[in-house]
Amino acid sequence: MGDGGQRNNLYPVFLKVRNLQILIVGGGNVAEEKLTFLTKSSPDAKVTIVSPMFREDTIALANKFGVDRITKKYHRRFLKGKHIVIATTDVPEVNIQVYKDCRKRSKLVNVADNPPYCDFYMGGIVTKGNVKVAISTNGKSPTTAKRLRQFFEEVLPENIDDLVKNLNEYRKTIQGDFEEKVETLNEFTKGLIAKKRS
């Protein structure tokens, strides 16, 4: 395989986080970073953030996106009703306790910068209208994910969303069964991935 037998076994999903309750534990730089990524991708996300202290920028961001703030130390009672939990404190014992509490309660958990204590990773994301590309390096290299994100942001045309909408309308007008429609759309879009000649 040329990669020492390693492969990325993660299964990518696109979550409707407006339908889910997310808890961020911590109020420092990492918490703000995670909240920034989350709200940038999903401004309608339902988020609660708990910490004994919050940075001013984090408070401003939380207020902007209607994030509930709880100014207290973490306690497992804050997990009630939550689907996804992100632990970002600078106290490893607290983060590991969050992980253990979540595992007991079958909640998805991510301990920032600690892959063994993660059920999921927050990958690089590129959004152009209805088109979203998520990038994972299996938790190995956030820098690589960042560079790939920048690459896709440049490569995907700004008008790709127009294409998506137009093709959706065109799909409704095509006659025939499912296979015939797929074949027609495949022919129609073949030029999209034709290699550019330099």
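We now turn to the structure provided with this report. On a predicted model such as this, the values are computed, not experimentally measured, just so you know.

Scanning the protein for helices and strands turns up six helices and seven strands. Taken from the N to the C terminus, the helices and strands of the protein come in the order β-α-β-α-β-β-α-β-β-β-α-α-α. With respect to the three principal axes, the spread of C-alpha positions in the protein is 60 × 45 × 35 Å. The buried share among the 198 residues of the protein stands at 30%. Accessible surface, the protein as shown: approximately 13700 Å² in total, 52% of it carbon and sulfur.

With that settled, consider the environment of Thr88. You can see Thr88 is positioned in the loop between β4 (84–87) and α3 (92–104). Look at Thr88 and you get buried, because its relative accessible area is 8%. Spatially, the C-alpha atom of Thr88 lies 44 Å from that of Glu169, the residues being 81 residues apart in sequence.

Tallying each qualifying case throughout the model produces seven salt bridges. In this structure, Arg103 and Asp119 form a salt bridge, with 2.7 Å as the shortest nitrogen-oxygen distance. Here Arg103 is found in helix α3, whereas its partner Asp119 is found in the loop between β5 (108–111) and β6 (124–128), with 16 residues between them in sequence. By relative accessible area, Arg103 is classed as partly exposed at 47%. Glu158 is paired through a salt bridge with Lys128; the nearest N and O atoms lie 3.3 Å apart. One end of the pair, Glu158, is in the loop between α4 (142–155) and α5 (160–173); the other, Lys128, is in strand β6, and 30 residues separate them in sequence.

Bringing the sheet that holds strand β2 (residues 46–50) into the picture now. Strand order in this open sheet of five strands is β3-β2-β1-β4-β5, and the pairing throughout is parallel. The two strands at the open ends of the sheet, each matched to only one other strand, are β3 (68–70) and β5. The mean angle between the axes of side-by-side strands here comes to 15 degrees, regardless of whether they run parallel or antiparallel. Note that β4 and β5 share four bridges and pair parallel.

The geometry of α5 relative to helix α6 (residues 178–189) is characterised by a closest axis approach of 10 Å and an angle of 140 degrees between their N-to-C directions. Crossing geometry of α5 relative to α6 is assigned as right-handed. Each of Leu167, Tyr170 and Arg171 in α5 lies in contact with α6, whose residues at this interface are Lys181, Thr184, Leu185, Phe188 and Thr189.

Packed helices, taken two at a time, are described by their axes: the angle between them and the distance between them. The interhelical angle for the contact between helix α1 (residues 29–41) and helix α2 (residues 56–64), taken along N-to-C directions, is 25 degrees, at an axis separation of 10 Å. Relative to α2, α1 is oriented roughly parallel. For the crossing formed where α1 meets α2, the hand is left-handed. Seen from α1, the contacting residues are Glu32, Leu35, Thr36 and Thr39; seen from α2, they are Asp57, Thr58, Leu61 and Ala62. A breakdown of the residues in the contact of α1 with α2 according to their chemical character gives three nonpolar, three polar and two charged.

Looking at where Ile59 falls in the secondary structure, it is placed in helix α2. Setting aside anything within four residues of it in sequence, one finds Ile59 in contact with Phe54 and Arg69.

The next thing to look at is a nonpolar patch on the surface. Taken together, the side chains of Tyr11, Val13 and Leu15 present a nonpolar region at the surface, about 370 Å² in accessible area. Mapped onto the fold, Val13 is located in the segment before β1 (21–25). Here Val13 falls in the exposed class, since its relative accessible area comes to 52%.

The rules behind the values
- Residues numbered from 1 in each chain as written.
- Predicted model: local features only at pLDDT ≥ 70, side-chain atom pairs only at ≥ 80, totals over all residues.
- Heavy atoms only, no water.
- Helix = DSSP H or I, 4+ residues; strand = E, 2+ residues; numbered from the N terminus.
- Buried < 20%, exposed > 50% of the residue type's maximum accessible area, 1.4 Å probe, protein only.
- Areas by Shrake-Rupley, 256 points an atom, 1.4 Å probe, with all protein chains shown as cover.
- Salt bridge = Lys/Arg side-chain N within 4 Å of Asp/Glu carboxyl O.
- Pairing = 2+ DSSP bridges.
- Axes fitted to C-alpha atoms, helices over the stretch in contact; angles between N-to-C directions.
- Left-handed = near helix turned anticlockwise from the far one by under 90°.
- Contact = heavy atoms within 4.5 Å.
- Parallel < 35°, antiparallel > 145°, perpendicular 65-115°, else oblique.
- Nonpolar A, V, L, I, M, F, W, Y, C, P; charged D, E, K, R; others polar.
- Patch = residues over 30% accessible without salt bridge, like charges linked within 9 Å, V, L, I, M, F, W, Y side chains within 5 Å.

Read these as spatial facts, not as claims about activity.
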